[in-house]
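Chain residues, written in single-letter form:
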Amino acid sequence: ITRNYLEPENMVHIIGYVGAPSKSQVEKAPEEDLLIRQPQYRMGKSGIEATQEATLRGEAGIQEVEVDSRRTRIRNLNRHEPKAGNELTLTIDYELQEFAMQQLHGKGGLKKERAAAVLIDVESGDVLVMGSVPTFDPNKVVNGFDQEYWKLLNEDPDAPLTNNAVGIAISPGSTYKTVTAIAGLTTGSIT
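Treat the numbers as computed from the prediction; the structure is a model and nothing was measured. (Residues numbered from 1 in each chain as written. Predicted model: local features only at pLDDT ≥ 70, side-chain atom pairs only at ≥ 80, totals over all residues. Heavy atoms only, no water.)

Asks: Account for the nonpolar core, naming residues and giving values.
Replies: Core analysis: the largest hydrophobic core is formed by 9 residues, namely Tyr5, Val12, Tyr17, Val18, Phe136, Val141, Val142, Tyr149 and Leu153. Filtering out sequence-adjacent residues up to four positions away, tyrosine 17 remains in contact with Tyr5, Met43, Gly44, Lys45, Ser46, Glu49, Phe136, Pro138, Val141 and Trp150. Ala29, Leu35, Met43 and Ala60 belong to the second largest nonpolar core, which has 6 residues in total. (Core = buried A, V, L, I, M, F, W, Y, C linked by side-chain atoms within 4.5 Å. Buried < 20%, exposed > 50% of the residue type's maximum accessible area, 1.4 Å probe, protein only. Contact = heavy atoms within 4.5 Å.)

Structure follows, in structure tokens:
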């Protein structure tokens, strides 16, 4: 399985990334799960890739063959075709996401400080934007990641691997007071 993430820095904290399963993940997997035991298999490590792994992954194919003592194929016995995983549609509005990420990054290049922005449709509950900075390029960690880049990401005090929109606990700031006041005025709890 290979991935090529388009617009990686705008979507990495939402989409996430894939990587080789850990030894413990392989050991915990049911014996009939052949896909996870394939040498080139990559599974979700963060974001949608991780939370929706079971939905997206599909099933491995199996082919049983009869061979002679020299491992020469004699005949096919049984074949189970592989199954593709399911498709998934997100509610993210890419134009809004791109705009939010531009604001979070700042106009002079990548912003180093941690920041996040989330925009939710109040009527439907759909998440339209979920931006977080700093970001990273998942294309550099998917297929045998660059050790130096991975070390840089893990040692960065601004934690680019963390989705600041959902991965850390921050007390609401003064803007929350406005939301509370509007709610109180709307319900008549305050005047």
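Asks: Mind laying out empty space enclosed by the protein, listing which residues take part and the relevant values?
Replies: On inspection of all chains with the given rule, the structure shows 1 cavity of 30 Å³ or more. Quantified by volume, the largest cavity comes out at close to 30 Å³. Forming the walls of the largest cavity are Glu9, Asn10, Met11, Val12, His13, Ile14, Gln97, Met101, Met130, Gly131, Ser132 and Thr135. Those elements that provide at least two residues to the lining of the largest cavity are α1 (8-15), α5 (94-105) and β6 (127-133). Sorting elements by how many residues they give to the lining of the largest cavity places α1 first, with 6 residues. Among the residues forming the lining of the largest cavity, the class breakdown is 5 nonpolar, 6 polar and 1 charged. (1 Å grid on protein atoms, 1.4 Å probe; cavity = no way out; pocket = protein on both sides within 12 Å on 5 of 7 lines; lining within 4 Å. Points joined across faces, edges and corners; volume = space filled by probe spheres on them. Helix = DSSP H or I, 4+ residues; strand = E, 2+ residues; numbered from the N terminus. Nonpolar A, V, L, I, M, F, W, Y, C, P; charged D, E, K, R; others polar.)

Asks: Run through the pattern of salt bridges, naming residues and quoting values.
Replies: Under the defined criterion, the tally for this structure stands at 4 salt bridges. The closest approach of N and O atoms between arginine 57 and aspartate 33, which form a salt bridge, is 3.1 Å. One end of the pair, arginine 57, is in the loop between α4 (53-56) and β3 (62-67); the other, aspartate 33, is in the loop between α2 (23-28) and β2 (43-44), and 24 residues separate them in sequence. Linking arginine 79 and glutamate 81 is a salt bridge whose minimum nitrogen-to-oxygen distance equals 2.5 Å. When its relative accessible area of 45% is taken as the criterion, glutamate 81 is described as partly exposed. One network of salt bridges, in which partners are shared, links Asp33, Glu53 and Arg57. (Salt bridge = Lys/Arg side-chain N within 4 Å of Asp/Glu carboxyl O.)

The analysis is restricted to geometry; functional conclusions fall outside its scope.
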